[in-house]
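Architecture and fold: a report
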Amino acid sequence: MATEHGDERHGGGGPAEVFRAFLKLGLTSFGGPIAHLGHFREELVLRRRWLTEAAYAELVALCQFLPGPASSQVGFTLGYLRGGLAGALLAWMAFTLPSAALLLAFALGAEAFTGPAGQDIVHGLKLAAVAIVAQAVWGMARSLAPDRERATIALAAVLILLFVSTAFAQIAAIAVGAVAGFLWCRRLGAEAADPLPVQIPRRVGMLLIGLFLLLLLGLPAAVAVWPGPALARFEVFYGAGALVFGGGHVVLPLLETRLVEPGWVTAEAFLAGYGAAQAVPGPLFTFAAYLGALAEPGPNGVFGAALALLGIFLPGLLLVMGVLPFWDRLRHHDGARAAMAGANAAVVGILGAVLYRPLWTSSVLSVADFAIALTAFVLLTAWKAPPWLAVAVSVIAALALGVVARV
């Protein structure tokens with residue numbers, strides 16, 4: 001048993017212990033990345049005493065600074081601190097695979113949703129996605145764009161995305177936000193927390209960052225030379241995972257642009273899967289498993305899901321381990337924190353643009369649809385209901401309206 005100061009902190013565990021702890025979290029952690037971070041704190045910091053509150057806060061700050069799935073990056077690093085590289089990999093697998101398996105099963109059973117009732121379920125999932133993304137925009141705007149400087153950056157990102165709907169525009173919006181933050185937001189930088197107690201040689205960090213950049217820049221070139229479907233699909237998911245700030249919801253526009261517009265996944269299937277992803281525990285990035293399983297032409301099915309999962313998670317995991325040796329110096333730089341504040345404000349704008357198109361324009365088609373989406377939004381924001389409940393209410397309401405319409 002851990003003492004008050006925790007014999008179990010900073011080592012002393014093992015890969016098996018890490019796997020058990022994260023499997024529990026992977027089966028029970030509903031609510032998105034912010035809720036996941038709360039679950040981690042309760043289970044691993046307060047109950048198991050794997051590390052101090054200050055060290056955990058520093059780790060969270062690092063992962064919010066980097067692109068990629070913040071909760072998965074935190075979990076991966078916690079596994080590393082507790083059980084080395086094996087612990088890191090097992091933590092990621094245990095936290096990720098439960099929701100990935102559920103979404104893969106949903107994708108493989110998609111044909112069951114082709115009848116009238118199935119279409120009503122899909123429509124209900126899409127309306128739930130509207131409410132959940134609206135909640136994300138609302139919450140992120142209050143925390144990441146609360147003043148006129150950052151609100152203006154968010155507005156600029158919305159306008160860029162509304163008038164130039166390409167993957168490049170999304171990257172440009174984040175770059176513009178970072179530059180604007182560097183110029184406007186230096187007074188907003190908070191004091192850095194205590195240093196994170198991790199020891200990784202800087203040369204190893206440089207190698208990992210180099211591998212991250214090599215894949216980010218080299219995969220598009222490789223696809224141009226060898227345009228095979230598997231490599232092209234991996235490049236899409238790797239690029240999405242490498243360029244997304246702000247958590248799982250923000251990956252939606254990149255994936256929608258890169259998968260729906262070329263016709264690899266239909267818009268209906270894309271939004272239905274995104275709704276289903278809200279009803280399962282674990283990281284929202286496992287939405288990639290659903291998309292990889294459905295994509296046409298192949299590879300799809302189980303192999304396509306595995307390829308998509310590897311592609312979307314790999315860049316964030318490479319980055320967090322690569323940056324750790326340099327984080328203590330970077331976190332004290334006012335300019336870096338200001339640029340990050342601007343980039344985060346731009347993320348709010350990107351998500352706001354996604355809320356309008358494709359979510360709202362393809363899902364809210366009637367007064368009844370608006371009523372369902374608004375009800376789910378109030379459940380999430382005012383009643384603090386878990387996302388799965390909002391999904392269930394939306395699907396049941398859509399089914400009921402469908403039955404009435406067909407009577």
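A brief structural summary.

Re the overall build of the protein
Each helix and strand in the protein was counted, giving 16 helices and 0 strands. Per-residue burial over the protein gives 54% buried out of 407 residues. For the protein, long-range pairs separated by at least 24 residues make up 77% of all intrachain contacts whose partners lie at least 6 apart in sequence.

Focus on helix α6 (residues 148-163)
With 16 residues, α6 ought to run about 22 Å at 1.5 Å a step, and its terminal C-alpha atoms sit 22 Å apart, in line with that. When α6 is considered as a whole, its buried residues turn out to be E149, R150, I153, A154, A157 and L161. Looking straight down α6, one finds that the buried residues subtend no more than 140° of arc, so they occupy a single side. Turned more than 90 degrees away from the buried face of α6 sit R148 and F163, all of them exposed.

Side note on the pattern of salt bridges
In this structure the tally under the stated criterion is 8 salt bridges. For the salt bridge of R47 with E43, the shortest nitrogen-to-oxygen distance reads 2.7 Å. With R47 and E43 both in helix α2 (residues 33-47) and 4 residues apart, this pair spans about one turn of that helix. Since its relative accessible area comes to 7%, E43 is described here as buried.

Here we look at the side chain of S72
The residue S72 is located in helix α4 (residues 70-108) in this model. Setting aside anything within four residues of it in sequence, one finds S72 in contact with F95, P283, F313 and L317.

A word on helix α10 (residues 251-260)
Burial within α10 is extensive, with 9 of its 10 residues counted as buried. Within the span of α10, buried status applies to V251, L252, P253, L254, L255, E256, T257, L259 and V260.

So, a nonpolar patch on the surface
Residues Y356, W360, F370, L374, V378 and W383 make up a contiguous nonpolar surface patch of roughly 630 Å² in combined accessible area. Looking at the nonpolar patch, the elements with two or more residues in it are α14 (334-363) and α15 (367-381). Mapped onto the secondary structure, L374 falls in helix α15.

Side note on the nonpolar core
F22 and L255 are the most contacted members of the largest nonpolar core, which has 130 residues in total. Apart from residues no more than four positions distant in its own chain, F22 is found in contact with F40, L44, W50, G75, L78, G79, A91, A94 and F95.

Topic: unusual backbone geometry
The step from E296 to P297 runs through a cis peptide bond, and the omega angle for that step is -5°. Here P297 lies in the loop between α12 (287-294) and α13 (301-330). In this structure, R49 is a non-glycine residue whose phi angle is positive, near 55°. Structurally, R49 can be placed in the loop between α2 and α3 (53-65). The backbone of K384 shows a phi angle near 55°, a positive value even though the residue is not glycine. Its location among the elements puts K384 in the loop between α15 and α16 (387-406).

Some details on the environment of G304
Locating G304 in the fold gives a position in helix α13. In this structure the C-alpha to C-alpha distance between G304 and G292, which are 12 residues apart in sequence, comes to 4.6 Å. With sequence-adjacent residues up to four places away left out, G304 is seen in contact with G292, A293 and P299.

Definitions and limits used
- Residues numbered from 1 in each chain as written.
- Predicted model: local features only at pLDDT ≥ 70, side-chain atom pairs only at ≥ 80, totals over all residues.
- Heavy atoms only, no water.
- Helix = DSSP H or I, 4+ residues; strand = E, 2+ residues; numbered from the N terminus.
- Buried < 20%, exposed > 50% of the residue type's maximum accessible area, 1.4 Å probe, protein only.
- Contact = heavy atoms within 4.5 Å.
- Expected span 1.5 Å × (residues − 1).
- Arc of directions from axis to C-beta.
- Salt bridge = Lys/Arg side-chain N within 4 Å of Asp/Glu carboxyl O.
- Patch = residues over 30% accessible without salt bridge, like charges linked within 9 Å, V, L, I, M, F, W, Y side chains within 5 Å.
- Areas by Shrake-Rupley, 256 points an atom, 1.4 Å probe, with all protein chains shown as cover.
- Core = buried A, V, L, I, M, F, W, Y, C linked by side-chain atoms within 4.5 Å.

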